[in-house]
Amino acid sequence: MAGLPEDAKTFKELWDTWNIRGLTILSLLLQSFLILFAPLRRSKGDKWFFMIPLWIAYLLADWIAIFVIGLILRSERSHDILVFWAPFLLLHLGGPDTITSFSLEDNEFWIRHLLQLILQVGLTVYVIIQSLPHNKLLLPTLLVLAAGIIKYAERNRAFYLACFEHYGEAAPHFVKISSLKWGWNDSSLLLFILSPYGTIAGLLVGPLIPPFVREFCRTFFFTKTPKEVLRVIEFELSLLYEILHTKVSVINCKIGYISRIICMGFISGALLSFILITKAKQYHDELENSEVWVTYGLLIGAITLDFISIWLLISSDHFNTTNYSLEAIRNEAIMAWIQNRVINRHMWSKRIPQLNFITYCVKASPYWLVKLAEFFRISFILKFIQGFRSMSSQVFEEQVLWNFIFEQVKGKAEPAKTVEMGKEICLRRGDGILDSQSNENIIWSVKDLDYVESLLIWHIATELCFLQVEDLPSTSVFENPDSDYRKISKLLSDYMFYLLHKETVIRAETGLRVVFEHTYEHMQRFYLVQGKKDVSKRMISTSPRGEPAGVSTRSVLCKAYKVFNDLKGSDQGIPWKLMSKVWVELMCYAAINCRPNVHAQQPSMGGQLITIVWLLMNHFGLGTQFDAHKSTLYLAEETSV
């Protein structure tokens, strides 16, 4: 260390002394953080200030465990206590039960995780072999090693079952319906929720749902209230999250219970043997107090986290779904316990993100900053900031929004007696409503154009209608009987534009993205060239006469004004009820035509309304993944393996 400054020498000595101890403690703290806070993703997944720390903790947990094993392997001080810590890091690599994967893509790399398991077990065994034959802590070391291998294998098994190629293996199995006797009484809702009939598995992995299950679902849901149906769907999404992102499908079975008991027994045995070994005065004098306390922290921490995992398992939806027979559920005490623990809790964020095209344009960065960003090829940063500044969210209102959506989807589903008819109804994207209302003047906006163009046209037209109403006296706005429909139209319009802009659900082709870019440029040149002040008033009072020079005809701004003028020219004023129905149909079209894995991603990010609508449509028999040729009568079994 000659030539190093005094501060640098002190730091190096501190690092050499505490690097392994400090990082091992940090690894335990990260495990504790993840096991406690990861389940909140279902309700807080839309909050960036929550997700970013969770994402960092998830990445650091694996990285630190691997890094510390490497430090122990290279350590000049090959003491028994350091060798004893190595299996704990393998235990930590097994991860907490409440989060195995952060995203669906993590599950698809289960082979890579399997290779990592083999490599890390090999390194840990190599560290232990190097300490032989004089390792006095060999017994507790081997016990923790066995527990670590089991935990890591559980995680890899969870990855395997959650990838889409094997997802059906984790989903509940089907059995013949003749073995079940359904009672259509007040408890039928709980009976339906807690019987894992596996419809979600069919929706995610292919056309596996036979017509009988479709008819059963239609019969059930047509007799239920909007509130009851929403609770069923929320529960299904929560169950989907647990199967895809936690160890619950691995642990919640006989083998899982046995392996968990064995793990707790091994760690408890390691704690007991460590206490007995360190009681020997000769060996105790060889250890530093800090090393002893760190080891006790690791052992007690591992046992505590296992107890927390068991409690969370008992509280999980998967456990409550698969560990009660239908006869047991009919018991009033069990039903009340399940209802309080499962149904009456928040299972998604209940927030609807909002993004408005006009606000997005107004929040644009100054021209000189845009050009500077283009020069340094960092325009994507400005676009992200612009979108972030323009976004907001609204509370999901069951009484107004959900009831309206439910009744509209139910009305669409009533004539869908067959699978083919249901698929035909799913192709409607506003034209079904406009056809029934004989609105021939504007039906071209949803029938003759690409979906993204129709969506953008109706979004701009809805916003212009909303701005015009905002200029009216307040009494005429809030006392108008159409105020609820106005609110619904505005909310769904901004929500669908958010999905289009973020491309998280609605993924437009490259050619169709140009529609948004050219409409944005048209808006900038026609309205914002005069400044950002009073843009709304100028847009209402002045219609664009055509695309300015240099703007492609892919802009839909003029078409949006044509729809706006037709809507406001109605004899009875702006038809908000009609517009809200069109927006529900536009959303239904997007929901049913999204890839299933896109919907499967949403529960881990706070949930999305469009995913709830997707499940609602499928439960009413409106979907593309029903098999019209399967005739075997299958339904869910009473309990899952």
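Residues numbered from 1 in each chain as written. Predicted model: local features only at pLDDT ≥ 70, side-chain atom pairs only at ≥ 80, totals over all residues. Heavy atoms only, no water.

## Side note on the overall build of the protein chain
Part 1 of the argument: Looking only at helices and strands, the protein chain features 35 helices and 4 strands.
Part 2 of the argument: Counting all 641 residues of the protein chain, 55% fall into the buried class.
Part 3 of the argument: Considering only residue pairs separated by 6 or more positions, the protein chain has 82% of its internal contacts joining residues 24 or more positions apart.
Part 4 of the argument: On the protein chain, roughly 29,100 Å² of surface is accessible, and the fraction owed to carbon and sulfur atoms is 60%. (Helix = DSSP H or I, 4+ residues; strand = E, 2+ residues; numbered from the N terminus. Buried < 20%, exposed > 50% of the residue type's maximum accessible area, 1.4 Å probe, protein only. Contact = heavy atoms within 4.5 Å. Areas by Shrake-Rupley, 256 points an atom, 1.4 Å probe, with all protein chains shown as cover.)

## Let's talk about the packing of helix α23 (residues 398-413) against helix α35 (residues 609-619)
Two numbers describe a pair of packed helices, the interaxial angle and the distance between the axes.
Part 1 of the argument: Look at α23 against α35: their axes get within 11 Å of each other, and the N-to-C directions meet at 35°. The interaxial crossing formed by α23 with α35 has right-handed handedness. Two secondary-structure elements touch here, α23 through Leu401, Trp402, Ile405, Phe406 and Val409 and α35 through Leu609, Ile612, Val613, Leu616 and Met617. (Axes fitted to C-alpha atoms, helices over the stretch in contact; angles between N-to-C directions. Left-handed = near helix turned anticlockwise from the far one by under 90°.)

## Let's talk about the pattern of salt bridges
Part 1 of the argument: For the coordinates displayed, the defined rule picks out 19 salt bridges.
Part 2 of the argument: With its nearest N and O atoms 2.6 Å apart, the salt bridge here joins Glu154 to Arg260. A residue pair is termed long-range when its members are at least 10 positions apart, and Glu154 in helix α7 (residues 138-162) and Arg260 in helix α14 (residues 254-278) qualify at 106 residues.
Part 3 of the argument: For Arg260, a relative accessible area of 5% puts it in the buried group. (Salt bridge = Lys/Arg side-chain N within 4 Å of Asp/Glu carboxyl O.)

## Points about the nonpolar core
Part 1 of the argument: Judged by nonpolar contacts, the single largest core of 105 residues is most densely connected at Trp458 and Leu609.
Part 2 of the argument: Apart from residues lying up to four places away in sequence, Trp458 is in contact with Leu434, Ile442, Ser445, Val446, Val563, Leu567, Met579, Val582, Trp583 and Leu586.
Part 3 of the argument: Ile20, Leu23, Ile35 and Leu91 belong to the second largest nonpolar core, which has 63 residues in total. (Core = buried A, V, L, I, M, F, W, Y, C linked by side-chain atoms within 4.5 Å.)

## Examining the side chain of Arg42
Part 1 of the argument: Checked against the element boundaries, Arg42 lands in helix α2 (residues 41-44).
Part 2 of the argument: Looking at Arg42, its side chain comes within polar contact range of the side chain of Glu242, at 3.2 Å.
Part 3 of the argument: Apart from residues lying up to four places away in sequence, Arg42 is in contact with Ser238, Tyr241, Glu242, Asp317, Met347, Trp348, Ser349, Pro603 and Gly606. (Polar contact = N/O pair within 3.5 Å; in protein donor to acceptor, adjacent residues only side chain to side chain.)

## Quick word on the confidence of the model for the protein chain
Part 1 of the argument: For the protein chain, per-residue confidence averages 80 on the pLDDT scale, and 78% of positions sit at 70 or higher.
Part 2 of the argument: For residues 193-198, every residue scores under 50 in pLDDT, and the model assigns this stretch 26 contacts once sequence neighbours within four places are set aside.
Part 3 of the argument: In the predicted structure, residues 631-641 sits below a pLDDT of 50 and forms 41 contacts with residues beyond four places in sequence or in another chain. (pLDDT = per-residue confidence, 0-100.)

## Quick word on the packing of aromatic side chains
Part 1 of the argument: On inspection of all chains with the given rule, the structure shows 28 aromatic pairs.
Part 2 of the argument: Ring centres of Phe84 and Phe274 lie 5.7 Å apart, and the angle between their planes is 25°; on these two criteria the pair is classed as stacked. Here Phe274 lies in helix α14 and Phe84 lies in helix α4 (residues 80-93), a separation of 190 residues in the sequence.
Part 3 of the argument: Arranged with centres 5.7 Å apart and planes meeting at 65°, the rings of Phe404 and Tyr485 form a pair that is edge-to-face. Note that Phe404 is positioned in helix α23 and Tyr485 in helix α29 (residues 483-502), a separation of 81 residues in sequence.
Part 4 of the argument: In this structure an aromatic cluster arises from ring pairing among Phe220, Phe221, Phe222, Trp348, Phe396, Trp402, Phe406 and Phe620.
Part 5 of the argument: If you follow Arg429 out to its NZ or CZ, it ends over the ring of Tyr589, 5.8 Å from the centre. (Phe/Tyr/Trp six-rings, centres within 6.5 Å; stacked < 30°, edge-to-face > 60°. Lys NZ or Arg CZ within 6 Å of the ring centre and 35° of its normal.)

## Some thoughts on unusual backbone geometry
Part 1 of the argument: A cis amide bond links Leu132 to the next residue, Pro133, at an omega of 5°.
Part 2 of the argument: Mapped onto the secondary structure, Pro133 falls in the loop between α6 (110-130) and α7.
Part 3 of the argument: The backbone of Lys350 shows a phi angle near 55°, a positive value even though the residue is not glycine.
Part 4 of the argument: When you line up the elements, Lys350 lands in the loop between α19 (332-343) and β2 (351-354).
Part 5 of the argument: Note on Lys350: relative accessible area 17%, which makes it buried.
Part 6 of the argument: Of note in the backbone geometry, Arg377 takes a positive phi value of approximately 60° without being a glycine.
Part 7 of the argument: Here Arg377 shows up in the loop between α21 (367-375) and α22 (379-390).

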